[in-house]
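# Structure assessment
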Amino acid sequence: MDKNNFLTTLFISPESIDADTIKELCDTYKTPVYEGLAYFFDRFKDLVNNKEYFEYRAKFKKAIYDAYVAEGFTEEQAFALIINDNLQLLKNMNQVNNNIQKKDR
């Protein structure tokens with residue numbers, strides 16, 4: 001089977017794809033896929049080890065909290081508003097994910 005037509009064949013006639021073809025594709029693309037994943041993993045490790053990034057995020061969150069308090073909210077209300085903002089963000093992210101999954105069907 002021609003590797004260039006693999007995806008077309010997969011969608012049109014998946015039963016015609018044999019184990020040897022799949023093994024050949026895995027062998028062909030294993031190295032570049034692993035190298036790409038290793039690159040992204042290394043960037044993630046750089047981020048996790050970057051104290052400056054987390055310090056910035058903490059200062060940002062503290063500035064939001066301080067702004068709520070400066071506007072007259074109690075400390076408890078300010079904290080509740082920050083939690084609510086985070087929950088709303090999570091809800092929005094889940095909605096986007098659900099919309100993407102519905103499109104893919």
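On a predicted model such as this, the values are computed, not experimentally measured, just so you know.

Definitions and limits used
Residues numbered from 1 in each chain as written. Predicted model: local features only at pLDDT ≥ 70, side-chain atom pairs only at ≥ 80, totals over all residues. Heavy atoms only, no water. Helix = DSSP H or I, 4+ residues; strand = E, 2+ residues; numbered from the N terminus. Rg over C-alpha atoms; globule rule 2.2 N^0.38 Å. Buried < 20%, exposed > 50% of the residue type's maximum accessible area, 1.4 Å probe, protein only. Contact = heavy atoms within 4.5 Å. Areas by Shrake-Rupley, 256 points an atom, 1.4 Å probe, with all protein chains shown as cover. Lys, Arg positive; Asp, Glu negative; His and termini not counted. Charge placed at Lys NZ, Arg CZ, Asp CG, Glu CD. Salt bridge = Lys/Arg side-chain N within 4 Å of Asp/Glu carboxyl O. Axes fitted to C-alpha atoms, helices over the stretch in contact; angles between N-to-C directions. Parallel < 35°, antiparallel > 145°, perpendicular 65-115°, else oblique. Left-handed = near helix turned anticlockwise from the far one by under 90°. Nonpolar A, V, L, I, M, F, W, Y, C, P; charged D, E, K, R; others polar.

Per the secondary structure count, the protein includes 4 helices and 0 strands. Listed N to C, the secondary structure of the protein is α-α-α-α in terms of helices and strands. Whereas a compact globule of 105 residues would reach a radius of gyration of roughly 13 Å, the protein reaches 24 Å, over 25% beyond that. The principal-axis extent of the C-alpha atoms belonging to the protein is close to 70 × 35 × 15 Å. Considering the protein as a whole, with its 105 residues, one finds that 9% of them fall into the buried category. The long-range fraction of contacts in the protein, counting pairs at least 24 apart against all pairs at least 6 apart in sequence, stands at 7%. As presented, the protein carries roughly 9,300 Å² of accessible surface, and 60% of it is formed by carbon and sulfur atoms. If you average the places of the 14 positive and of the 17 negative side-chain charges in the protein, the two averages end up 3 Å apart.

Looking at where Glu75 falls in the secondary structure, it is placed in helix H4 (residues 75-104). As a C-alpha pair, Glu75 and Tyr65 span 10 residues in sequence and 8.1 Å in three-dimensional space. Those residues in contact with Glu75, other than ones at most four positions away along the chain, are Tyr65 and Val69.

According to the stated counting rule, one finds 4 salt bridges in the structure shown. A salt bridge links Asp66 to Lys62; the shortest N-O distance between them is 2.7 Å. Linking Asp66 with Lys62, this pair stays in helix H3 (residues 51-70), spanning 4 residues, or about one helical turn. Here Asp66 falls in the partly exposed class, since its relative accessible area comes to 35%. Its relative accessible area of 45% is what places Lys62 among the partly exposed residues.

Let us now look at the packing of H3 against H4. Packed helix pairs are specified by the crossing angle of their axes together with the interaxial distance, meaning the distance between the axes. As a packed pair, H3 and H4 sit with axes 9 Å apart at the nearest point and diverge in direction by 130°. The angle between the axes of H3 and H4 places the two elements in the oblique class. When you trace H3 past H4, the crossing you get is right-handed. Contacts between H3 and H4 pair Lys61, Ile64, Tyr65, Tyr68 and Val69 from the former with Glu75, Ala78, Phe79, Leu81, Ile82, Asp85 and Asn86 from the latter. Residue composition of the contact of H3 with H4, by class: 8 nonpolar, 1 polar and 3 charged.

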